[in-house]
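Per-entry structural report
Here are the chains, one letter per residue:
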Amino acid sequence: MILPTVENAASDRRRTHRPAPLLPIAIGLIAGITIDNAVRVPPTIAVATAMIAVLFAAATMKQRRDSAYLIAIVFVLSAATGAIRHAVKMRYLPDNHIARIVDDEPRILTVTGRVISVPRIVERPRDSAIAYPTSPKTRFILHVEAVEGDHERIDAVGKLNVTVKEPMPMVRLGDVIRITGRLYRPMRPANPGMYDWALLQQREGIHAALSTDHAAAVTTLSESRADTLAGLITAARDRTRQYLLNDSVLESDPAAGVLSAMVLGQRSQVDAALNDAFVRTGAAHYLAASGLHVGWLALIGWWLMRLVGLPSRQCAVAVAMLIIAYVALAEPRPSILRAGAIGVLACFGIYRAGVSNTLNWLAASAILLLMLDPTDLFRPAFQLSFVAVLSIVYLQPVVNAALTRRVRAFQKLDALDAAVDSAIPIPLTPRLPRKRDLIANAILRAVRLTLTASIAVWIANVPLACFHFNRFAPFGWIYNLLLWVPAFCVTALGFLKVLLALLFPSSVILTGPALQMAIAIFLAFVQTLAAIPGSLLGGNNPSLTWVVAVYGVIALRIWRPALFERRPATLAIYAILILWWLIPARWVRRDAGALNVWVLAVGDGTGTIIELPDGRAMLFDFGTRSPFDASATALAFLEHRAIHEIDTAFVTHANFDHYGAMINIHKSVPIRKIIISDQFQNFVKEKDGAWRFLEAMRDAGASIETLAAPKEWTNPTSVRFEVLSPPPSSISRAPSANDTSLALRLTYEGKSILLTGDQSEWGLGQLVALPDIHADALALPHHGSVVSNTRRFIDTVNPSIAVRSTGQRRTLTTNGIEQIVGNARRYLTTADDGCIRLRIKNHNLEATPFITP
């Protein structure tokens, strides 16, 4: 591949801008899929639109033969096709599909099916804050064949996401198993900012999940047969991995996972710490086994075929077969399948025309991929892949021209190019180009190509990275330039080692040490770059409008360069986009002048976030006894609200489900101050969980403040804080840790919210004895538990809204708390309603559940 010089850049762009007849079809498909995803177009309307377009075209074809008219008709037909394809994928399932068997409530059922993904044993991260230790889990996808209920066996179809809460190393891809467990529908997000894993699974064709606690609930009916196609592919993958790792790295070495990912596309094998290092350097695409790796494989294959004298068309056929074989051996992930399809279509274009029409080839790739899976459009990897390729083809010449005008070495390169092409003396010298000049020219040309392509890809991908992941690597362009050569060497050596091992098994004696040295140097380089401060920055939560504006400006810069000839106007446009991005998201997302109390859904625990009218944030407990780390829920919400600091965290008492997540929250979002009651320490023992929590927070720089009721203060935004309990230890000592819980009342604009902890009879009695504990909204004590004086307490508070933070759904609640609250009051639970937002503004109190019917 040769980088065009400044003089021939325009002609090169004309070559790449040749007519692309498939482009309107691809754009129409994208439009139809997007529209159906947003408004759920009934297929009958889409079909009717397509028929009208066809009839209209047939009736007017004789009068209208211009290209714009034909493009419009094709666009409408493609959009209708895209809408229909998306609707069929997402909403129209067969009657015996597993999605029609699963209920909203979990059911104990037995399912028979075939394992269609490589089972993964997943261990919980070491720094995960959970109440109880858990064993590693086994996860895989099951293709359902039958479901057995209480009375009958039902033939069924569909894919099932299976979790076994014990390690199961004996289950293999292709095995037919019978498993008994809880069949349920994946839950949609219960809190703002949470990723919609249920939607992701639906887009992958998974509409139900099954979980079982014990490996004994799984029975293998038949093992994967080696003589079947799936068995042969699995065996080939295992053997190829052995060839790759033998005499290079041990299976237990984290480098083995990186090698498997870079060479064989087995991303699931990558160590979490190394994966984070690649993310921090903006080099995660080296682990994705996507277009870059397929491109390298195709490039190596093309060079080898050309060396043996094959013409271009035969090289294209050979490279296509090589790509197909690689995709079959790699882990079946969307990125590698997508890259394989694009590569094969590129080879087809070269075979058919002798040279690839880039835009038409990309349009054909998009059409094929979206017809196979229309939901691929919404995957960040799909968007980043196509944007990266387009940027190399169209944006790289623009970057090259801009750098050449400013970099003297590149100007000399163009002068040398002209001298070589015309056989004239090098400018400013009396001599003709010599061989060493040609070598220097080739090296500098390669450097410029790599540099400008890296910058182009970085510019094009940053908006999407900020939008999807809210982070970006500011030095990613230079890091990729530095890592490109060692990454290519590792990948090429890996391909070569596997190929030679297939032909000459003893060759690993030579290739193994070379690959070992290459991967060691590469990983050391990645880890060194990742340790540099500022390698990964926050993306500032940009809006979709900003992303569209950025890509609009890039498109104009490529296709209408005359608009950017005036330097002041160009700089003004770039400055506006940068300033727009720099606007703090908190300015936009904070609810100015309102008091917001968010009771998040954290299972069997409590997690409350208070947003004051001036935008400052506080915590009131955060933890859970459920088997997950509640800090992930908190951090996702805080990022969604663009909150970067916690002013104060109230910890009601020394139970893990009220403080357990705060240490991990503090690692990402600093907590300035912790407030506890003076009775908190009465139930803390040295070296226990609560003691370690306080010590860790002190060591991390948070101040610890102790107070006792009654305590009252008003902050500058006119929110009154009242600590109502517990009383000082010197007056009355609580009999249990639960009864030491803080009770905090917030009052703003005449409305009040009472937040409680785990108060039992003694604690509730202390509150009821106070002269005034009325509140308009009440967070029910002890997650809605009922004791002898619960009814009296609720009646004394007399709230209009009662909120229960719990993991227990209404249908499973038997203690009568809903009846005690009464029909006259609004009753909300985090288990059923998700996060509950209590908002006071303009003297009104509103309660809004995140999950709506």
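What you see is a predicted model; the values in this text were computed from it and never measured. (Residues numbered from 1 in each chain as written. Predicted model: local features only at pLDDT ≥ 70, side-chain atom pairs only at ≥ 80, totals over all residues. Heavy atoms only, no water.)

Overview of the overall build of the protein
Our working rule: Note on conventions: DSSP H or I runs of at least 4 residues are helices, E runs of at least 2 residues are strands, and numbering of each starts at the N terminus. The reference for a compact globule is 2.2 Å times residues^0.38; the radius of gyration itself is calculated from the C-alpha atoms. With a 1.4 Å probe rolled over the protein chains alone, any residue whose accessible area is under 20% of its type maximum counts as buried; one over 50% counts as exposed, and the rest are partly exposed. Should any heavy atoms of two residues lie within 4.5 Å, those residues are considered in contact. Here, Shrake-Rupley sampling with a 1.4 Å probe gives the accessible areas, and only protein chains in the shown set may cover a residue.
Tallying secondary structure elements over the protein gives 28 helices and 25 strands in all. Scaling as 2.2 N^0.38, a compact globule of 853 residues should have a C-alpha radius of gyration of about 29 Å, and the protein matches this with 31 Å. Within the protein, buried positions represent 49% of all 853 residues. Looking at the protein alone, contacts between residues at least 24 apart form 70% of all its contacts between residues at least 6 apart. When the accessible surface of the protein is summed, it comes to about 40700 Å², and 62% of that surface belongs to carbon and sulfur atoms.

Here we look at the nonpolar core
Nonpolar side chains in soluble globular proteins tend to be buried together. Stated precisely, the cut-off is as follows: Nonpolar cores are built from buried Ala, Val, Leu, Ile, Met, Phe, Trp, Tyr and Cys residues. Side-chain atoms within 4.5 Å join them into one set.
Counting residues in each nonpolar core, the largest one holds 48 residues, and the members touching the most others are Leu259, Phe278, Ile519 and Phe522. Listed by contribution, the elements that provide at least two residues to this core are helix 6 (229–245), helix 7 (254–264), helix 8 (272–280), helix 9 (291–307), helix 10 (312–329), helix 11 (334–353), helix 16 (476–503) and helix 17 (508–530). Look past the residues within four positions of leucine 259 in its chain and what remains in contact with it is Leu244, Leu245, Val249, Leu264, Val490, Leu515 and Ile519. If you look at the next biggest cluster of nonpolar residues, it comprises 32 residues, including Leu600, Ile665, Ala690 and Leu694.

Describing the sheet that holds strand 12 (residues 605–611)
One key point about sheets: their strands pair by backbone hydrogen bonds, in either a parallel or an antiparallel sense. We count it as follows: At least two bridges found by DSSP between two strands is the condition for calling them paired. An axis is simply a line fitted to the C-alpha atoms; with a helix, the fit covers only the stretch in contact. Between two such axes, the angle follows the N-to-C directions and lies from 0 to 180 degrees.
Read from one edge of the open sheet, 8 strands run 16-15-14-13-12-11-24-25, paired in mixed fashion. The sheet is open, and its two edges are formed by strand 16 (703–707) and strand 25 (844–849), each paired on a single side. On average, adjacent strands in this sheet sit at an angle of 20° to one another, irrespective of strand direction. Bridge count for strand 11 (residues 595–599) against strand 24 (residues 836–841) is 5 bridges, and the pairing is antiparallel. Within strand 24, the residue paired with asparagine 596 across the bridge is arginine 839. With respect to the sheet, helix 21 (residues 630–640) is in contact with strand 11, strand 12 and strand 13 (617–624), its orientation differing from that of strand 13 by roughly 155°.

Considerations on the packing of aromatic side chains
Test applied: Paired rings are identified among Phe, Tyr and Trp, the last through its six-membered ring, by centres lying within 6.5 Å, and are further divided according to the angle between planes into stacked (under 30 degrees), edge-to-face (over 60) and tilted (the rest).
Inspection of the entire model under this criterion finds 18 aromatic pairs. Through pairs of rings, three or more aromatic residues link up here, namely Phe278, Tyr286, Trp296, Trp484, Phe488 and Phe522.

Here's the deal with the state of the cysteines
Simply put, the disulfide is a covalent bond whose two ends are the sulfur atoms of two cysteines. Counted only if it meets this: By definition, disulfides here are pairs of cysteine sulfur atoms that lie within 2.5 Å.
In the structure shown here, the tally under the stated rule is 0 disulfides. We note that cysteine 315 lacks a disulfide partner, and the nearest cysteine sulfur, in cysteine 347, lies 9.8 Å from it. What makes cysteine 315 buried here is its relative accessible area of 0%.

Description of helix 8
Note the cut-off: Here, the arc refers to the directions that run from the helix axis to the C-beta atoms. Counted as a polar contact is a pair of N or O atoms within 3.5 Å, where, for protein atoms, one must be capable of donating a hydrogen and the other of accepting one, and residues adjacent in sequence contribute only when both atoms are in side chains.
Of the residues making up helix 8, those classed as buried are Leu274, Ala277 and Phe278. On an axial view of helix 8, the arc spanned by its buried residues comes to 100°, and they lie on one face. Among the exposed residues of helix 8, those pointing more than 90 degrees away from its buried face are Ala272 and Ala273. Of the surrounding secondary structure, the elements contacted by the buried residues of helix 8 are helix 7 and helix 17. A side-chain oxygen of the first residue of helix 8 lies 3.1 Å from the backbone nitrogen of alanine 273; this N-cap is aspartate 271. Just downstream of helix 8, glycine 282 is the residue with a positive phi angle, here 70°.

Here's the deal with the pairing of strand 12
Where burial is concerned, most of strand 12 is hidden: 7 out of the 7 residues are buried. Of the two faces of strand 12, the one carrying Gly605, Gly607, Ile609 and Glu611 and the one carrying Thr606, Thr608 and Ile610 are both buried. Looking at chain direction, strand 11 and strand 12 are connected through 4 bridges and run antiparallel. Within the sheet, the bridge partner assigned to asparagine 596 lies in strand 12 and is glutamate 611.

Describing the side chain of threonine 608
Within the secondary structure layout, threonine 608 lies in strand 12. Residues in contact with threonine 608, not counting those within four places in the same chain, are Val597, Trp598, Val599, Met618, Leu619, Phe620, Asp621, Phe622 and Leu755.

Quick look at the sheet that holds strand 18 (residues 720–725)
Taking strand neighbours across the sheet as the criterion, the 7 strands line up as 17-18-19-20-21-22-23 in an open arrangement whose pairing is mixed. This sheet does not close on itself; its edge strands, each paired only once, are strand 17 (711–714) and strand 23 (826–829). Mean inter-strand twist for the sheet, computed between neighbouring axes without regard to direction, equals 15°.

Thoughts on a nonpolar patch on the surface
What counts, and what does not: Patch membership requires over 30% relative accessible area and the absence of a salt bridge. Like charges are linked within 9 Å, and nonpolar side chains (Val, Leu, Ile, Met, Phe, Trp, Tyr) within 5 Å. A side-chain nitrogen of Lys or Arg and a carboxyl oxygen of Asp or Glu constitute a salt bridge if their distance falls within 4 Å.
A surface patch of nonpolar side chains, about 430 Å² in accessible area, is lined by Leu499, Leu502, Leu503 and Phe504. One can find leucine 499 in helix 16.

Examining the pattern of salt bridges
Going through the model one piece at a time under the given rule, you end up with 32 salt bridges. The residue aspartate 795 makes a salt bridge to arginine 825 at a minimum N-O spacing of 3.6 Å. Here aspartate 795, found in helix 26 (residues 790–797), pairs with arginine 825, found in the loop between helix 27 (817–821) and strand 23; they are 30 residues apart in sequence, far enough to count as distant. Looking at aspartate 795, the relative accessible area reads 41%, which means it is partly exposed. In this structure arginine 825 comes out as buried when scored by relative accessible area, which is 16%. Close ionic contact of arginine 810 with aspartate 833 constitutes a salt bridge, the shortest N to O distance being 3.3 Å. Residue arginine 810 is found in the loop between strand 22 (801–804) and helix 27, and its partner aspartate 833 is found in helix 28 (residues 830–833); the two are separated by 23 residues along the sequence. For arginine 810, a relative accessible area of 29% corresponds to the partly exposed category.

A few points about the environment of isoleucine 671
Mapped onto the elements, isoleucine 671 comes out in the loop between helix 23 (662–668) and strand 15 (673–677). On the basis of relative accessible area, isoleucine 671 is assigned to the buried category, the value being 1%. Sequence-wise, isoleucine 671 and glutamate 645 are 26 residues apart; in three dimensions their C-alpha atoms are separated by 6.3 Å. Discounting chain neighbours no more than four positions away, the residues touching isoleucine 671 are Leu619, Ile646, Ala649, Met662, Ile665, His666, Met697 and Ala702.

Observations regarding the confidence of the model for the protein
To be explicit about the condition: As a per-residue measure, pLDDT tells how confident the predictor is, with possible values from 0 to 100.
Looking at the protein as a whole, the pLDDT averages 86, with 91% of positions reaching at least 70. Long-range and interchain partners of residues 1–16, a stretch whose pLDDT sits below 50, account for 24 contacts in this model, where long-range means more than four residues apart.

Considerations on the environment of asparagine 37
By secondary structure assignment, the location of asparagine 37 is in helix 2 (residues 23–39). With a relative accessible area of 32%, asparagine 37 lands in the partly exposed category. Once the C-alpha coordinates of asparagine 37 and valine 547 are considered, the two residues, 510 residues apart in sequence, prove to be 19 Å apart. Ignoring anything within four residues of it in the chain, the contact list for asparagine 37 reads His86, Arg203 and Phe378.

Here we look at unusual backbone geometry
Cis peptide bonds are those with omega within 30 degrees of zero, and the linkage from alanine 709 to proline 710 qualifies with -5°. By secondary structure assignment, the location of proline 710 is in the loop between strand 16 and strand 17. In this chain, serine 725 is followed by proline 726 through a cis amide linkage whose omega measures 0°. Mapped onto the secondary structure, proline 726 falls in the loop between strand 18 and strand 19 (743–748). One non-glycine residue, lysine 687, lies in positive phi territory at about 75°. Summarising the element assignment, lysine 687 is placed in the loop between strand 15 and helix 24 (689–699). Its identity as a non-glycine residue notwithstanding, serine 718 has a phi of 75°, on the positive side. Mapping serine 718 onto the fold places it in the loop between strand 17 and strand 18.

A look at the packing of helix 2 against helix 4 (residues 67–90)
Definition in use: Just so you know how the angles are binned, under 35 degrees is roughly parallel, over 145 roughly antiparallel, 65 to 115 roughly perpendicular, and the rest oblique. Handedness of a helix crossing follows the sense of rotation of the near helix relative to the far helix, less than a right angle counterclockwise being left-handed and clockwise being right-handed.
For the pair helix 2 and helix 4, the least separation of the axes is 6 Å and the interaxial angle reads 45°. Between helix 2 and helix 4, the angle falls in the class oblique. Considering only the axes of helix 2 and helix 4, their crossing is right-handed. Contacts from Pro24, Ile25, Ile27, Gly28, Leu29, Ala31, Gly32, Ile33, Asp36 and Asn37 in helix 2 reach Ile71, Val74, Phe75, Ser78, Ala79, Thr81, Gly82, Ala83, His86 and Ala87 in helix 4.

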